[in-house]
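# Residue-level structural notes
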Amino acid sequence: MLTQDLEVVPVPAVAIFIPGVQLSRLVVSNRAKMLRNLLALRQIGQRTISTTSRMHFKNRVAEKQKLFQEEDGIPVYLKGGIVDVILYRATMILTVGGAAYAIYHLAVASFPKKQD
Amino acid sequence: MTHQTHAYHMVNPSPWPLTGALSAFLLTSGMIMWFHFYYTTLLTAGLLASTMTMFQWWRDIVREGTYQGHHTSPVQKGLRYGMILFIISEVFFFAGFFWAFYHSSLAPTPQTGGHWPPTGIFPLNPMEVPLLNTAVLLASGVTITWAHHSLMEANRKESAQALSMTIALGIYFTYLQMSEYSETSFTISDGIYGSTFFMATGFHGLHVIIGTTFLTTCYFRQQLYHFTSSHHFGFEAAAWYWHFVDVVWLFLYISIYWWGS
């Protein structure tokens, strides 16, 4: 039922080229289609909300506790896995590299070129 | 296997204090490069690096507390003292801006025309949007208290609802304040009035954004079952910070918007 109604013509773009009477008929039929669309969506929305409640988060705290309490000697900032390692390396490169770059710029700025 | 025989938290060595310090260096030298040479790369790198540091550092604290169980009663007590001392330091930060405002407005110089507001300054009407902003923040104080009580009573649905209402009110305040900023007939460079107005309200707005971010983090942690009805210090810290932001606004409203108009 929904797919039939989705032949709504993008009225604003086309509207410029259609004379008055046909334009008003298009507008009315598109509005009716949009309203039917909206009502159908509402029905579906109401049905799904009763079975799931918005974002359905599961309680995974116990799993996380097991992962982070494993006695493997890995420090907490790397213990989550490969994403931790990538983020750590990216942060280090950015900060250490950036600091070196900043010192370079400050050195250049400290010895301005003489303008004759 | 050796295990500790005390209740305190011996933290793993962490790289985040170093990256945080280096990020601060990038932010400061980045600002110099921007102001003097119109060069923004360093500043952008500093903003990115500090954001990454904050994310990872606080992520690790959640891991240490919620997943590793390090936040025992004495440790939590230390965290409470820490948050209280931090908020006190923020109070002193704002005290400086209020001092500047009262210094200039209690004894207006000839340069301002000898009165406050200065000649040519048309302040915002305190009974319009600023009053609405006051109502919004006061309401958010109520909703966050509701969220806390719901959390303590293990009512998941209501604590999520109340917390999301608090966040929505915070966003609404920021939106209203941004539109007020575009409505003012004066700018930050319009004499001492402009300077004191925008420094005080601007830093307050930044703190509202920080508080809203903190509350949003709490919302997601609550959805992920991190909080229990008796142990939820992260939420309490966010609530304390939010009340502080509310109180600063009340002082701003009464001093700058109302008395100063």
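Just so it is clear, the structure is predicted and the values come from calculations on it, not from any experiment. (Residues numbered from 1 in each chain as written. Chains lettered and ligands numbered in written order. Predicted model: local features only at pLDDT ≥ 70, side-chain atom pairs only at ≥ 80, totals over all residues. Heavy atoms only, no water.)

## Some thoughts on the domain arrangement of chain B
Residue and element names in this part refer to chain B. Operational definition: Domain start and stop positions are those given by an automatic or database domain assignment. What makes two residues a contact is simply this: any of their non-hydrogen atoms within 4.5 Å. Here the quantity called buried area is the accessible surface, traced with a 1.4 Å probe, that two parts lose on coming together, added over both. Each polar contact in these results corresponds to two N or O atoms within 3.5 Å; when the atoms are within protein, one needs to be able to donate a hydrogen and the other to accept it, and residues that are neighboring in sequence are counted only if both atoms are side-chain atoms. Each residue is assigned to one class: nonpolar for Ala, Val, Leu, Ile, Met, Phe, Trp, Tyr, Cys and Pro, charged for Asp, Glu, Lys and Arg, and polar for all the others, Gly among them.
Domain parsing of chain B yields domain 1 (1-69) and domain 2 (74-256). Here the C-alpha centre of domain 2 lies 25 Å away from the C-alpha centre of domain 1. In this assembly, 6 residues from domain 1 lie in contact with 4 residues from domain 2. For the pair domain 1 and domain 2, the summed buried surface comes to about 450 Å²; carbon and sulfur atoms form 70% of the total. Of all residues in domain 1, Ala-7, Val-62 and Thr-66 bury the most surface against domain 2, accounting for 59% of the area lost on that side. Along the contact surface separating domain 1 from domain 2 lie 2 residue pairs in polar contact (both at pLDDT 80 or more). When its residues are assigned to classes, the side of domain 1 that touches domain 2 shows 4 nonpolar, 2 polar and no charged.

## So, helix 1 (residues 16-37) of chain B
As a reminder of what qualifies: Secondary structure elements follow DSSP: runs of H or I of four or more residues count as helices, runs of E of two or more count as strands, with numbering from the N terminus. Multiplying one less than the number of residues by 1.5 Å gives the expected span of a helix. Only protein chains enter the area calculation, which uses a 1.4 Å probe; residues under 20% of their type maximum are buried, those over 50% are exposed, and those in between are partly exposed. Think of it as the arc spanned by the lines of direction from the helix axis to the C-beta atoms.
Between its first and last C-alpha atoms helix 1 of chain B spans 30 Å; for 22 residues at 1.5 Å apiece the expected length is 32 Å, and the two agree. The set of residues buried in helix 1 of chain B consists of B:Trp16, B:Thr19, B:Leu22, B:Ser23, B:Leu26, B:Ser29, B:Gly30 and B:Met33. For helix 1 of chain B, the angular spread of buried residues about the axis comes to 155°, placing them on one side. Turned more than 90 degrees off the buried face of helix 1 of chain B, the exposed positions are B:Phe35 and B:His36. Buried residues along helix 1 of chain B sit in contact with helix 5 (82-110) of chain A together with helix 2 (41-67) of chain B. Of the residues trailing helix 1 of chain B, B:Tyr38 is marked for its positive phi of about 55°.

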